Amino acid sequence: MAKRTHRGTLARRPGSASSLKSRVVLPRITQHRFFGHGVPGVDGAKLRGKLIVVEGADGSGRSTQIARLVDWLEANGHATVQVGLKRSTLVSPELEQAQEGNILSRTTLSLFYATDFADQLENIILPAMKAGFMVLADRYIYTLMARDLVRGMDEPWLKNLYGIAPVPDAVFYLQVAPEELVQRTFSKNAALDYWESGMDLGLSRDMFDSFLEYQSRMAHQFRRLQKIYGFTIVDGHRSVEEISQELTEKVDAVLVGKNSH
Amino acid sequence: MLKTFAELNFPGRLIAVEGLDGSGKSTQIYLLKRWLENQGLKVYFSEWNSSELVKSATSKGKKRELLTPTTFSLIHATDFADRYERHLLPLVRAGYLVLCDRYIFTAFARDTVRGCPPDWVRGIYNFAALPDLTFFFKADLEVSLNRILDGRPQLKYFEAGMDLRLSTDPYESFRIFQGRILELYLAMTREFNFQVIDANLGVEAQQAVVRQLVTNRIDLESFRLNGGGALPMRTSNQLKNKWRKELIAEPLLEDQEAHHH
């Protein structure tokens, strides 16, 4: 489990040790835009908060890093909200159930995930951003798109679908080699996840082989998406502290209005 | 996609009915289904918003009035995709006459009235082929309204378009909402080559026109379950013989072993 407090990181942040006590830095409000049309009735200019996305495979350290970012942001006086995939009240139980049976075809699964995303977008992300919160997204449309692209879905179709999403202020992709992900997964669970192994794709009957192949394909799609969307690739092989340091510095830059892309 | 199933060279055909609530389209497609079944044809019927999988999420969303235009649109698209990928497309490919009570045009009309960008909605549904025949049941707005309002005076929230805040009175809201949908249907008539049926006529008169059009446009003989003429998807004798030969030439392994003993 992720440890919720790591004061060491806070102290190491340049010039923050004393300012932490009372001075709260006001974030610079920047214009937000959507990837496409956005959502009916929502004006990007009214989204005062920031949207920070952490992407990466299971075992890449996403939740640990998000917990650290939340600690750091709150210690600096910023209100935070967290979202993630398959957490909507609208469809997540049904989505879970459908996945267990593995009975959904790819377009259906894709749209189910999009519905889950849209529900959280409209009920959590956008209202929180309007209210000036820092929204931390544990995965975002990039994972959804990469998964679908690996499954052969049409890229323009996906781009249109996710035109509802606001462009984040920062996106960090924690890149970890598939071989290392296997080790981390086994140290936690002793079993590979069916979907994280891409077993539905029929790449291999052997789950271990399938996992490595699927994660390589996902990493390939992320590198492609990185070139299009320009997010930050973070070397996830380093220590928790080192990664945390890098993310904190970059989020700090975002708060003062220097977007990472 | 914008091609019909026939243009995609699939052996089956898809017939859709569209129209306002209360236009009598469900009655007409039911009578069409009965007529085709009585002739011993391969028929499959599918209704809008009927996927078992998605149903609980949709009804939960509607009951709790949780749906926004975007999630309303996406959850119906998920429902459609599930039916399309698991039933409609495979059945058309197997040479069935597939009848649909509402098709993608329902989404084009409703979602657009709710404020979703028309090209976003159309883009989402572009995985689906166009019907080979689409009937649009065009009734005077007052006739449709009266049929609904006489029958079940308790209007549901989304059905009445209450989410659009057109009026605080459900009946007035329903009238405005249906009126806008009718405009969009009329605008799509030429583009999607709707066969317009005068829904102000009596049930029998409408059914006679429907049956005539189906007979003219579709070679019904080729959809017979048993026997009939040149069947597009009937397993040909040539194909059957090929399989028979293979079975004789390559007996199963167990059979071979049995011979040795």
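Residues numbered from 1 in each chain as written. Chains lettered and ligands numbered in written order. Predicted model: local features only at pLDDT ≥ 70, side-chain atom pairs only at ≥ 80, totals over all residues. Heavy atoms only, no water.

K.L.:
Explain empty space enclosed by the protein here, please?
P.N.:
Residues and elements named next belong to chain A. In total, this model carries five cavities of 30 Å³ or more according to the counting rule given. Within this model, the largest cavity holds a volume of roughly 140 Å³. For the lining of the largest cavity, the elements supplying multiple residues, two or more each, are β4 (170-175), α8 (178-188) and α9 (207-229). Ranked by residues supplied to the lining of the largest cavity, first place goes to α9 with five residues. (1 Å grid on protein atoms, 1.4 Å probe; cavity = no way out; pocket = protein on both sides within 12 Å on 5 of 7 lines; lining within 4 Å. Points joined across faces, edges and corners; volume = space filled by probe spheres on them. Helix = DSSP H or I, 4+ residues; strand = E, 2+ residues; numbered from the N terminus.)

K.L.:
Could you clarify how one ought to interpret the interface of chain B and chain A in this entry?
P.N.:
Many authors give the size of an interface as the accessible area that is lost as the parts come together. Contacts between chain B and chain A engage 29 residues on the former and 27 residues on the latter. Interface area, chain B with chain A, both sides summed: about 2,400 Å², of which 64% is carbon and sulfur. When the area that chain B buries against chain A is broken down by residue, the three leading residues are Leu53(B), Glu85(B) and Trp120(B), summing to 23%. The interface formed by chain B and chain A holds one salt bridge in total. In this structure, the salt-bridge partner of Glu94(A) is Lys60(B), at a minimum N-O distance of 3.3 Å. At the boundary of chain B and chain A, one finds 19 residue pairs in polar contact (both at pLDDT 80 or more). (Contact = heavy atoms within 4.5 Å. Buried area = accessible area lost by both parts, 1.4 Å probe. Salt bridge = Lys/Arg side-chain N within 4 Å of Asp/Glu carboxyl O. Polar contact = N/O pair within 3.5 Å; in protein donor to acceptor, adjacent residues only side chain to side chain.)

K.L.:
Please explain helix α8 (residues 203-217) of chain B as it appears in this structure.
P.N.:
The periodicity of an α-helix, 3.6 residues per turn, causes residues three or four positions apart to be oriented the same way. Residue and element names in this part refer to chain B. For α8, which comprises 15 residues, the first-to-last C-alpha distance of 21 Å matches the rise-based estimate of 21 Å (1.5 Å per residue) to within 8%. Restricting attention to buried positions, one finds in α8 the residues Gln206, Gln207, Val210, Leu213 and Val214. Viewed end-on, α8 has its buried residues packed into an arc of 130°, placing them on one side of the element. Across α8 from its buried face, at more than 90 degrees, point the exposed residues Glu204 and Asn216. Packing partners of the buried residues in α8 comprise β1 (13-19), α1 (25-38), β4 (133-138) and β5 (195-198). (Expected span 1.5 Å × (residues − 1). Buried < 20%, exposed > 50% of the residue type's maximum accessible area, 1.4 Å probe, protein only. Arc of directions from axis to C-beta.)

K.L.:
Explain the side chain of Glu85(B) here, please?
P.N.:
The topology assignment puts Glu85(B) in helix α3 (residues 69-93). Buried charged residue Glu85(B) carries no salt bridge. Nearest counter-charge: Arg106(A), at 4.8 Å. A polar side-chain atom of Glu85(B) sits 2.8 Å from a polar atom in the side chain of Thr108(A). The contacts of Glu85(B), once residues within four sequence positions are left out, are Ser105(A), Arg106(A), Thr107(A), Thr108(A) and Pro90(B). (Lys, Arg positive; Asp, Glu negative; His and termini not counted.)

K.L.:
Sorry if this is basic, but what is going on with the nonpolar core here?
P.N.:
Side chains of nonpolar character tend, in soluble globular proteins, to be buried together. Of all hydrophobic cores here, the largest spans 101 residues; its most connected members are Phe117(A), Tyr140(A), Phe80(B), Tyr103(B), Phe105(B) and Tyr125(B). By residue number, the principal contributor to this core is helix α5 (residues 106-130) of chain A, which donates 12 residues. Sequence-distant contacts of Tyr125(B), that is, excluding residues within four places in its chain, are made with Trp48(B), Ser73(B), His76(B), Ala77(B), Phe80(B), Ile104(B), Ala107(B) and Phe108(B). Judged by nonpolar contacts, the second largest core, of 21 residues, contains Leu97(B), Phe135(B), Phe137(B) and Val214(B). (Core = buried A, V, L, I, M, F, W, Y, C linked by side-chain atoms within 4.5 Å.)

K.L.:
When you look at the pattern of salt bridges in this model, what are you seeing that I'm missing?
P.N.:
Side chains that differ in charge, positive against negative, can pair when their charged atoms come close. Residue and element names in this part refer to chain A. Considering all chains together, one arrives at 26 salt bridges over all chains under this definition. In this structure, the salt-bridge partner of Asp58 is Arg62, at a minimum N-O distance of 3.5 Å. Residue class for Asp58 comes out partly exposed when judged on its relative accessible area of 33%. Look at the salt bridges and you will find they share partners, linking Asp58, Arg62, Arg87, Asp138, Arg139, Arg147 and Glu196 into a network.

K.L.:
Can you walk me through unusual backbone geometry in this structure?
P.N.:
What you tend to see is this: most non-glycine residues have negative phi, and most peptide bonds are trans. Residues and elements named next belong to chain B. In this model, Asn9 sits at a positive phi of 65°, which is unusual for a non-glycine residue. Within the secondary structure, Asn9 is located in the segment before β1. What makes Asn9 exposed here is its relative accessible area of 68%. In this model, Arg165 sits at a positive phi of 55°, which is unusual for a non-glycine residue. Among the secondary structure elements, Arg165 is positioned in the loop between α6 (141-151) and α7 (170-191).

K.L.:
What exactly am I supposed to notice about the sheet that holds β4(B) here?
P.N.:
What links the strands of a sheet is backbone hydrogen bonding, and the strands pair in either a parallel or an antiparallel sense. All names here are of chain B. Strand order in this open sheet of five strands is β2-β3-β1-β4-β5, and the pairing throughout is parallel. Bordering the open sheet on either side are β2 (43-47) and β5, each of which pairs with just one other strand. Taking each pair of neighbouring strands and ignoring which way they run, the sheet shows an average axis angle of 20°. Relative to strand β3 (residues 97-101), β1 runs parallel, the two being bridged by five bridges. Following the sheet pairing, Ile15 is matched in β3 by Leu99. Across the sheet, α1 touches β1, β2, β3 and β4, and the angle it forms with β3 is around 165°. Sheet contacts for α3: β1, β2 and β3; angle to β2, the most-contacted strand, approximately 155°. (Pairing = 2+ DSSP bridges. Axes fitted to C-alpha atoms, helices over the stretch in contact; angles between N-to-C directions.)

K.L.:
What is the right way to read the packing of helix α3 (residues 62-75) of chain A against helix α10 (residues 240-255) of chain A from this model?
P.N.:
Between two packed helices, the angle of one axis relative to the other and the distance separating the axes together describe the packing. Residues and elements named next belong to chain A. Packing of α3 against α10 brings their axes to within 10 Å, and their N-to-C directions diverge by 50°. Classified by the interaxial angle, the pair formed by α3 and α10 is oblique. The way α3 lies across α10 gives a crossing that is right-handed. On the side of α3, the interface is formed by Thr64, Gln65, Arg68, Leu69, Trp72 and Leu73, while α10 contributes Val240, Glu241, Ile243, Ser244, Leu247, Thr248, Val251, Asp252 and Leu255. Within the contact of α3 with α10, the residues separate by chemical class into eight nonpolar, four polar and three charged. (Parallel < 35°, antiparallel > 145°, perpendicular 65-115°, else oblique. Left-handed = near helix turned anticlockwise from the far one by under 90°. Nonpolar A, V, L, I, M, F, W, Y, C, P; charged D, E, K, R; others polar.)

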